[in-house]
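# Descriptive structure summary
For reference, the chains in residue letters:
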Amino acid sequence: MQDKTVFTATEARQNFFDFIKRAEQGKDVFLKRSGVLMKVKLEKVNDKKEIKRKLKALKELRKIGLPSMPIKKMKKIFESRYDSHLL
């Protein structure tokens, strides 16, 4: 595949791992769909200290009676590898 940073939706699907790899490396990657360009950005969100901090905050919220999801479910969400954004 050519060294390009603009992918159509079809090209992004066909070359998904290359598409993700480029975005992961911090390169400007754009998705073109219906003539509109959207910038794709991936951020790592599985910082263990951050996850522990969020889980601790959830436990504190439960102690004071604020409802929240079960800790195990929230931990699974927090440990997701990436948070994706279309800018």
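I will try to describe carefully the structure that is included in this document. All residue numbers refer to position in the chain's written sequence, counted from 1. Local features in this predicted model are restricted to residues of pLDDT 70 or higher, and side-chain atom pairs are both shown and tallied only at a pLDDT of 80 or more, whereas totals for entire chains, interfaces and linings draw on every residue. Water and hydrogen atoms play no part in the side-chain values, which are based on all heavy atoms of the structure.

## What about unusual backbone geometry?
Even without a glycine there, the phi angle at serine 34 is positive, about 55°. Position of serine 34 among the secondary structure elements: in the loop between β2 (29–33) and β3 (36–44). On the accessibility criterion, serine 34 (74% relative accessible area) is exposed. A run of H or I in DSSP becomes a helix once it reaches four residues, and a run of E becomes a strand once it reaches two; helices and strands are each numbered from the N terminus. Think of it in three bands: residues with accessible area under 20% of the maximum for their type are buried, residues over 50% are exposed, and the middle band is partly exposed, with areas taken using a 1.4 Å probe on protein chains only.

## Observations regarding the nonpolar core
Put simply, a nonpolar core is a bunch of buried Ala, Val, Leu, Ile, Met, Phe, Trp, Tyr and Cys residues held in one set by side-chain atoms that sit within 4.5 Å of each other. Among the nonpolar cores identified, the biggest contains eight residues, and these are Phe7, Ala12, Phe19, Ala23, Val29, Leu31, Val40 and Leu42. Of all the elements in the fold, those that place two or more residues in this core are α2 (16–24), β2 and β3.

## Details of the packing of aromatic side chains
Only the six-membered ring of Trp is used, alongside the rings of Phe and Tyr, when aromatic pairs are assigned; centres must lie within 6.5 Å, and planes under 30 degrees apart are stacked while those over 60 apart are edge-to-face, with the rest tilted. In the structure shown here, the tally under the stated rule is two aromatic pairs. Ring geometry for phenylalanine 7 against phenylalanine 19: centres 5.1 Å apart, planes inclined by 90°, an arrangement best described as edge-to-face. Here phenylalanine 19 lies in helix α2 and phenylalanine 7 lies in strand β1 (residues 6–8), a separation of twelve residues in the sequence. Exposure class is identical for phenylalanine 7 and phenylalanine 19. Each is buried. Ring geometry for phenylalanine 16 and phenylalanine 17: centres 5.9 Å apart, planes at 70°, overall edge-to-face. You can call phenylalanine 16 partly exposed: its relative accessible area is 43%.

## Looking at a positive patch on the surface
Patch membership needs two things, relative accessible area over 30% and no salt bridge, and members are linked within 9 Å if like-charged or within 5 Å if nonpolar (Val, Leu, Ile, Met, Phe, Trp, Tyr). Per-residue accessibility takes into account occlusion by the displayed protein chains alone, with areas from the Shrake-Rupley method and a 1.4 Å probe. Think of a salt bridge as a Lys or Arg side-chain nitrogen and an Asp or Glu carboxyl oxygen that are within 4 Å of each other. His residues and chain termini do not enter the charge count, which takes Lys and Arg as positive and Asp and Glu as negative. Charge positions are represented by NZ for Lys, CZ for Arg, CG for Asp and CD for Glu. Positive charge collects at one region of the surface, where Lys48, Lys52, Lys59 and Lys75 lie side by side. Within the secondary structure, lysine 75 sits in helix α4 (residues 71–78).

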